[in-house]
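Topology and contacts: notes
Each chain, letter by letter, is given below.
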Amino acid sequence: MNTSQKIRVILAHADNRASGVRQAIGSLAINPAKNKDVLIKPNFNTDDPAPGSTHNDTLVALVDELWQMGARSVGVGERSYPPTASVMQAKGIVPLLEARDVRIIDFDALPDKDWVKVDAAGSHWRDGFRVARPVLEAECLVSTGCLKTHQFGGVFTMSLKLHVGVVPTTRNGYDYMAELHGSPYQQEMIAEINAPFTPDLVVLDGIDVFVDGGPATGKRVRGDVVLASTDRVAIDAAGVAVLKYLGSNAPIMTGPIFAQRQIARAVELGLGAASADDIELMGTHPASQNFCDRVAAILSQG
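Residues numbered from 1 in each chain as written. Predicted model: local features only at pLDDT ≥ 70, side-chain atom pairs only at ≥ 80, totals over all residues. Heavy atoms only, no water.

So, about the packing of helix α9 (residues 232–246) against helix α11 (residues 261–268). As a packed pair, α9 and α11 sit with axes 10 Å apart at the nearest point and diverge in direction by 160°. Between α9 and α11, the interaxial angle falls into the category roughly antiparallel. In this structure, α9 meets α11 at a crossing whose hand is left-handed. Counted together, Val-233, Asp-236, Ala-237 and Val-240 of α9 and Gln-262, Ile-263, Ala-266 and Val-267 of α11 form the full contact between these two elements. (Axes fitted to C-alpha atoms, helices over the stretch in contact; angles between N-to-C directions. Helix = DSSP H or I, 4+ residues; strand = E, 2+ residues; numbered from the N terminus. Parallel < 35°, antiparallel > 145°, perpendicular 65-115°, else oblique. Left-handed = near helix turned anticlockwise from the far one by under 90°. Contact = heavy atoms within 4.5 Å.)

Take a look at the structure:
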């Protein structure tokens, strides 16, 4: 792949979430939100403090940036592990979103017709899965997750794993999450959830990072980085490289990044970058570029 064709992942080295979000999105130099109805998918699996869930400052900064980019409307949609409404209430995010004219879509409250069946032939799901209709029909889908490890079989949880929240916990008497978490193919199934839709923008908050444990609680270190890209595979690969740089657990530190099963399956499905050679890491300023170069050296090892 020529340099001009490479997939950009922006790394903003920052200790402030609002600044990091603005820098990362601005340096990506795209505007998929202009005159579009935007849906944001955050990481509100639980109400645990960041990186257990999306920090309120990160989400507010992202909303403000999307309005500045000329979005026609902005919504936030999520399905949490405890009831979604209670998670949002506990995080105190509802008044912040309402003050910014953001519609809140509680996927728990969707009727059966708005959980669209995906047959996913050739996948590791027994009989496919369901996806929230607002995600499938979003004019502009923006995904924002956290940078962290996952101790319950996922190994890491970034943009690919974030989208487990577009599948119901249970629906029509079937427990989709029991199937996912009970399968030896959990990592492949995570990637397969991503096949029916494509985010237009992905933002990962790595100001605070879990380098072990996760997703709700874990060993926390400062990463002081916000990443942005249009490519789920590229940004997750870069995120794993950040974890390696910071010093993480054995499942992260051992083996090549593109051999991680979430990433390998996503590559098989054609969801994004096929190798490290397809990715160009870019810093937002000289301090970011120095950090970026160190992460890029790790990523280049594959």
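So, about the packing of aromatic side chains. In this structure the tally under the stated criterion is five aromatic pairs. Between Trp-125 and Phe-129, the ring centres sit 5.3 Å apart and the planes meet at 50°, which makes this aromatic pair tilted. Taken together through their ring pairs, the aromatic side chains of Trp-125, Phe-129, Tyr-174 and Tyr-176 make up a single cluster. (Phe/Tyr/Trp six-rings, centres within 6.5 Å; stacked < 30°, edge-to-face > 60°.)

Moving on to unusual backbone geometry. Looking along the chain, the bond that leaves Ala-50 and enters Pro-51 is cis, with omega of 5°. Mapping Pro-51 onto the fold places it in the loop between β2 (37–41) and α2 (56–68). Here the residue pair Gly-214 and Pro-215 is connected by a cis peptide bond, since its omega of 10° sits within 30 degrees of zero.

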